[in-house]
Amino acid sequence: MMINLNEKYRAIAESIKSRIPFEPQICIVLGSGLGDFAEKVETELSISTSEIFGYPKSTVQGHQGYLHFSMYKNKNLLIVQGRIHFYEGYRLSECVIPIHLAAKLNCKSVLLTNAAGGVNRNFKPGNLMLATSFNGINIKKELTQLLGLATLEQRNNFLDFPSSAFNKKIREAARIEKIELKEGVYWFTKGPSYETPAEIQMISKFGGDAVGMSTVHEAFYASYLGLNTASISCITNYAAGLSDQKLSHSEVMETAELVKKDFERLVKKIIEII
Ligand code: HPA
């Protein structure tokens, strides 16, 4: 049976609304290798996304598909474990289903997290980077289609993108926890393969600091829906050509494993003070 996108969105939101223990205030999307965070907070209900009719299947190792309704320090959370990637063959409108759902459940803020390659030569694997801006030039056409229905008012949501107030809180959380937080531009590439050294040279010249295959469309869409949006990258590797080491998904997972503790402390503090 074919159903159109709005119906699909509505059906997914309705099927979840009837089950959830509370309306979440903050949505946290966990990136590659960062999924363990979901186990570090108290969870009231976990829904496997495979049980949700119409929900895209995540095919990436390290991306189990769950929606967790969790609590930390009196804040209600929706934790998205298992992202839907563009390179898996899904349309952007499908990749943003968790964001759409967060908005429908009256979430006010979305914290996007991801694994990314370090393009900025001052970044090392294991660093955390707060996004100060996003580059989605590689998917501009798709983003335009995704946002094609935005009202004038919604288009103005991009004026504060990522949310400056949210970023300020994140810097404060890092300061309190004494965690070094780099800052820079997150640059989207379509994947599924990593970039070539020449592509990284171009991204570097054009002001990119970290490179990854997610987040930008989610951030665009969340801002468009009026959610406070921010992004934290875990720099898991030197981007292609910046070191002698061959890039691999296992390196990404190994580095994410090493920063897990700092990441957990930082995200917990953000939740607490937001
Ligand atoms: N490039 C793109 N995506 C990534 C990388 C990278 O180097 N590392 C982790 N995700």
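In short, a report on the structure. Residue numbers restart at each chain and count upward from 1, following the sequence in its written direction. Where local features are concerned, this predicted model is filtered to residues with pLDDT of at least 70; where side-chain atom pairs are given and counted, the filter is 80 or more; whole-chain, interface and lining totals use all residues. The side-chain figures draw on all heavy atoms in the structure; neither hydrogens nor water molecules are used.

Let's talk about the environment of P125
- Within the element layout of this structure, P125 appears in the loop between β5 (109-118) and β6 (128-135).
- In this structure the C-alpha to C-alpha distance between P125 and T255, which are 130 residues apart in sequence, comes to 6.8 Å.
- Contacts are assigned to residue pairs with any non-hydrogen atoms lying within 4.5 Å of each other. The contact partners of P125, leaving out residues within four places of it in the chain, are I235, T236, N237, Y238 and T255. For helices the rule is a DSSP run of H or I covering at least 4 residues; for strands it is a run of E covering at least 2, with both sets numbered from the N terminus onward.

A closer look at the pairing of strand β9 (residues 228-238)
- Exposure is judged per residue with a 1.4 Å probe applied to protein chains only, and the accessible area is read against the type maximum: over 50% gives exposed, under 20% gives buried, and values in between give partly exposed. With respect to burial, β9 is a largely interior element, nine of its eleven residues being buried.
- The rule for pairing is simple: two strands pair if DSSP sees at least two bridges between them. Strand direction decides the pairing type here: β5 and β9, joined by ten bridges, are parallel. Bridge assignment links N114 to a residue of β9, and that residue is S233.
- Sheet topology places β6 next to β9; three bridges connect them, and they run antiparallel. Paired with L128 across the strands is C234, a residue of β9.

Side note on the site of the ligand
- The cutoff for a nearby residue is simple: one of its non-hydrogen atoms must lie within 4 Å of the molecule or strand. Near the ligand, the surroundings consist of A115, A116, G117, Y194, E195, V211, G212, M213, T236, N237 and V252.
- One of the backbone nitrogen or oxygen atoms of A115 is found 3.4 Å away from a nitrogen atom of the ligand.
- G117 is positioned such that a nitrogen or oxygen atom in its backbone is 3.4 Å from a nitrogen atom of the ligand.
- Against a free-state accessible area of 260 Å², the protein chains account for coverage of 95% of the ligand.
- Going through the elements one at a time, β5, β8 (210-212) and β9 are the ones with two or more residues in the shell around the ligand.
- A per-element tally of the shell around the ligand places β5 first, with three residues. Here a polar contact means two N or O atoms within 3.5 Å. Within protein one must be a hydrogen donor candidate and the other an acceptor candidate, and residues neighboring in sequence count only if both atoms are side-chain atoms. We get accessible surface area from the Shrake-Rupley algorithm with a probe of 1.4 Å; when it comes to residues, only the shown protein chains can shield them.

Side note on the packing of aromatic side chains
- In this analysis, rings of Phe, Tyr and Trp, with Trp reduced to its six-membered ring, are considered paired at centre separations within 6.5 Å, and the interplanar angle assigns stacked below 30 degrees, edge-to-face beyond 60, and tilted for intermediate values. If you walk through the whole model with that rule in mind, you get seven aromatic pairs.
- Summarising the aromatic geometry, the rings of F22 and F69 are spaced 6.3 Å apart at their centres and angled 65° between planes, so their arrangement reads as edge-to-face. Note that F22 is positioned in the loop between α1 (5-17) and β1 (26-30) and F69 in strand β3 (residues 66-72), a separation of 47 residues in sequence.
- Given the relative accessible area of 13%, F22 is considered buried.
- Residue classification places F69 among the buried residues on the basis of a relative accessible area of 0%.
- Ring geometry for F86 versus F188: centroids 6.4 Å apart, planes at 65°, classification edge-to-face. In this pair, F86 sits in the loop between β4 (75-81) and α2 (92-95) while F188 sits in strand β7 (residues 181-188), placing the two residues 102 residues apart along the sequence.
- Judged by its relative accessible area of 16%, F86 falls in the buried class.

Structural notes on the state of the cysteines
- By definition, disulfides here are pairs of cysteine sulfur atoms that lie within 2.5 Å. Per the counting criterion, the structure on display carries zero disulfides.
- Note on C95: no disulfide assigned, nearest cysteine sulfur contributed by C27 at a separation of 15 Å.
- By relative accessible area, C95 is classed as buried at 1%.
- Of the cysteine sulfurs around C107, a residue in no disulfide, the closest is that of C27, at 5.3 Å.
- Take C107: its relative accessible area is 4%, and that puts it in the buried class.

What to know about the environment of L78
- Here L78 lies in strand β4.
- For L78, a relative accessible area of 0% puts it in the buried group.
- Along the chain, L78 and T43 lie 35 residues apart, while their C-alpha atoms are 9.7 Å from each other.
- Apart from the residues lying within four places of it in its own chain, the contact partners of L78 are P24, I26, C27, I28, L67, H68, F69 and A102.

Looking at the side chain of N127
- Turning to its location among the elements, N127 is positioned in the loop between β5 and β6.
- One polar contact links the side chain of N127 to the main-chain amide nitrogen of K124, over a distance of 2.7 Å.

Geometric descriptors of this kind do not, in isolation, establish any biological role.
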